[in-house]
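Structural characterization, general
Each chain is listed here by its residues.
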Amino acid sequence: MQLVRSCLIAAVAWLAALPALAQGTISNLPRNQTLIVENPEGTIKNAGWFNIWAINAGGQSTGLHQLMMDTFWYIDPNRGVDGVWDNSLASDKPKYNADFTEMTVKLRPGIFWSDGVEFSADDVVYTVETHLKTNGLRWSAPIQVNVASIAAPDRNTVVFKLKKPNSRFHALFTVRWNAMWMMPKHVFEKAGDLLKFDFNPPIGLGAYTLNSFDPNGKWFIWQRRPDWQRTTVARFGQPGPTYVTYLDPGPPDKRVIAQLNHELDIIHDTSPEGMFTLAKQAKTSHGWFKGFPYAHPDPTLPAVIFNLQNDLLKNRDVRWALALLIDIKAVSMASYRGAATISAIGVPPTGTHPDYYQGPLEDWLKAFELDTGKRKIKPYDPTVGKQIADMLRPSLGDQVPSAPDQIARAFGRGWWKPDPQAATELLQRAGFKKVGGKWQTQDGKPFAIKITVEGEARPVMTRAGSMIAQQWQQAGIDAATTVAQGTFFERRQTGDFEAIISWSVETWGGHPDLSFFLDSWHSQFVVASGKPQPPRNWQRWSNPELDKIIEDVRRVDFDDPKGVELGRDYLKLAVREMPIIPLMSYNVFTVMDETYWTGYPNAETAPYTDPVPNWGNTKYMMVKLKPTKP
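Residues numbered from 1 in each chain as written. Predicted model: local features only at pLDDT ≥ 70, side-chain atom pairs only at ≥ 80, totals over all residues. Heavy atoms only, no water.

This part is about the overall build of the chain. Of regular secondary structure, the chain possesses 20 helices and 29 strands. Rg of the C-alpha trace for the chain: 24 Å, near the compact-globule value of 25 Å for 630 residues, within the 12% margin. Along the three orthogonal principal directions, the C-alpha set of the chain runs to about 70 × 60 × 45 Å. In the chain, buried positions account for 60% of the 630 residues. For the chain, restricting intrachain contacts to residue pairs at least 6 apart in sequence, the fraction spanning at least 24 positions comes to 71%. Only carbon and sulfur atoms are counted for the fraction: they give 51% of the accessible area of the chain, which is about 22,900 Å². (Helix = DSSP H or I, 4+ residues; strand = E, 2+ residues; numbered from the N terminus. Rg over C-alpha atoms; globule rule 2.2 N^0.38 Å. Buried < 20%, exposed > 50% of the residue type's maximum accessible area, 1.4 Å probe, protein only. Contact = heavy atoms within 4.5 Å. Areas by Shrake-Rupley, 256 points an atom, 1.4 Å probe, with all protein chains shown as cover.)

And the structure:
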């Protein structure tokens, strides 16, 4: 309990200095009423910044967007508490007119802000109009590009008029990991400059309010609202924990130790070795799967993301050459110790996607030809997933599946063959030359590339980047990793990288539509170098063919099979152009301790939501959790 005691002692000292923020004497928090969760963002630099709509080094995964925010709809990456789709602040699904230029939303009545003011259409209109007239807010760009006007014909109805047809406009207000959250009009209209307003203390629509936080950003404590019945999760019952603490427990080894000592109920993510240690030593700890591979397969695609505004990386021959210098089997073993699910195409091999994309495109990938300038090759190897399974079988035995379909689900299908000769031909066609075993650019300078990684906060991805840099070095490229822990997401957003191990592909998981990320890849959202890029086109790819695909998607219904066909068109284009090098699904080693809480989601008996605690969907986990020791 030393970790908890330290947090509580610090909290008491701080609250003595700032009594206005205290909502209880947290030194006496009962352990059996307190859920302790790892904050994957680590220590927050600007801890007192709760204005989630303006970016200023504040935290999102501190519990702010999981427990306090709300918006129209949620789509769960798994099965959901009551189905994949949930109407949250909205009382029904979005209603579009015939040409998808107008969207009507009916709001759920009887929902209240945490300060007692009732939520209404006025809040929605204010939120949208504020983004229309204010540049630099988190969702300013998609609102300004899409919305012509918004009106509220009555207290529980809003009507969006769109500038162009967009059948996926509702995705902006549909939580997968997060979404555009509603702003309390009665608070923000008095705030002055919204880009400088800290929103401290925050007012929310969720079932929890802020109790206290460490001004140094180490921990945040949330308390269940007395009037939780006036929030949207009340439909599913009372949230179990009275208090939820999000804290920075330190690097992976300290997270493991904290959970072994029952001081950390949910580890957001640890190393494979940490997971294996807990599986062996902690009878009360478990992952998403009871056994190997343990981890939850998020509908997210880690990749080598290139900065396509960098002159060296604008040529697809260079990008393809770098892809053909990667041995994905070594990357899988270095990063996940083999517990990875690889994908050669730009969509994660999780949820429903293998049935809609990886499987149907397999024959196309086998036939795909790449012109190196000297010859045509077929770079796809359909046996790579099986090769990884075969590598693991001697040590893991029956835990490794042998049936082809099970291997494909667990480890993926194929990937690109390592081909140094083809990479050489592509680089030579791009004007590069090799001198003394080292590659030089067209102007005779060393071909140098740095891969930005997050560091100890995300060890799996960091090790993947290190292995790829090593493979590029062996091929004669001056490659190295650079660690951006604490500034990683800022650097990703501002384009302060050459290549970065991260993700710009995030899907619904439970639904085959790809618009969640794909719409944001339209060239209309790409900004100049150095300026913050709106999510999620971190590679800043502009392509007219891609724009047409996205625009066609906007004109078909969310559930129309034509959307899947267009998704396949995108995937084929991405293979040809290689704007990113897809690697694998993001398998997260979230570990849950049942010493104090039970009812966590799991793959076998309760796949009702994603257990990874930084997801907005984890608000549904709170209503399932029950104290093990009442």
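Here 5 strands make up an open sheet; going across it, the order is β23-β22-β24-β15-β25 and the pairing mixed. The open sheet terminates on both sides in strands that have one partner only, identified here as β23 (478-483) and β25 (580-582). Within the sheet, the average angular offset between the axes of one strand and its neighbour, ignoring direction, is 25 degrees. Sheet analysis places strand β15 (residues 303-306) next to β25, joined by 3 bridges and oriented antiparallel. Among the inter-strand pairings, Ala 303 is bridged to a residue of β25, identified as Pro 582. Helix-sheet contacts for helix α8 (residues 316-323) involve β15, β22 (448-453) and β25, and the interaxial angle to β25 is about 25 degrees. (Pairing = 2+ DSSP bridges. Axes fitted to C-alpha atoms, helices over the stretch in contact; angles between N-to-C directions.)

Another aspect to go through is the packing of helix α9 (residues 328-336) against helix α15 (residues 459-474). It is at 7 Å that the axes of α9 and α15 come closest, and there the two elements cross at 145 degrees. The way α9 lies across α15 gives a crossing that is right-handed. Within the contact between the two elements, α9 uses Ala 330, Val 331, Ala 334, Ser 335 and Tyr 336 and α15 uses Val 460, Met 461, Arg 463, Ala 464, Met 467, Ile 468 and Gln 471. (Left-handed = near helix turned anticlockwise from the far one by under 90°.)

Here we come to the domain arrangement of the chain. Size of an interface: often given as the accessible area lost when the parts come together. Per the domain assignment, the segments of the chain are domain 1 (31-53 + 199-296 + 588-627), domain 2 (70-196) and domain 3 (297-587). For domain 1 versus domain 3, the distance between C-alpha centres works out to 30 Å. The interface is formed by 23 residues belonging to domain 1 together with 24 residues belonging to domain 3. Buried area between domain 1 and domain 3, summed over both chains or domains, comes out near 1,700 Å², and the portion from carbon and sulfur atoms is 59%. At the boundary of domain 1 and domain 3, one finds 3 salt bridges. Two residues, Arg 463 and Glu 273, come together in a salt bridge whose shortest N-O distance is 3.2 Å. Counting across the domain 1 and domain 3 interface gives 9 residue pairs in polar contact (both at pLDDT 80 or more). Elements with a minimum of two residues in the side of domain 1 that touches domain 3: α6 (252-260) and α7 (272-281). (Domains from an automatic or database assignment. Buried area = accessible area lost by both parts, 1.4 Å probe. Salt bridge = Lys/Arg side-chain N within 4 Å of Asp/Glu carboxyl O. Polar contact = N/O pair within 3.5 Å; in protein donor to acceptor, adjacent residues only side chain to side chain.)

It is worth spelling out the packing of aromatic side chains at this point. What the rule picks out here adds up to 34 aromatic pairs. On the basis of an interplanar angle of 45 degrees and a centroid distance of 6.0 Å, the ring pair of Trp 73 and Trp 85 is categorised as tilted. Within this pair, whereas Trp 73 is found in strand β2 (residues 73-75), its partner Trp 85 is found in strand β3 (residues 85-87), the two being separated by 12 residues in sequence. Residue Trp 73 shares its accessibility class with Trp 85, and that shared class is buried. Each ring, one from Phe 160 and one from Phe 173, has its centre 5.4 Å from the other, and the planes form 45 degrees; the classification is tilted. A residue pair is termed long-range when its members are at least 10 positions apart, and Phe 160 in strand β7 (residues 157-162) and Phe 173 in the loop between β7 and β8 (174-175) qualify at 13 residues. (Phe/Tyr/Trp six-rings, centres within 6.5 Å; stacked < 30°, edge-to-face > 60°.)

As defined by bridge partners, β22 adjoins β23 across 6 bridges and the pair is classed as parallel. Bridge pairing in β23 places Val 453 opposite Val 483. In this region the chain leaves β22, passes through α15 and returns to the parallel neighbour β23; the handedness of that crossover is right-handed. Both β22 and strand β24 (residues 499-502) contribute to a ladder of 2 bridges, which runs parallel. Within β24, the position partnered with Ile 451 by the bridge is Ala 499. (Right-handed = clockwise from strand over helix to strand, strands pointing away.)

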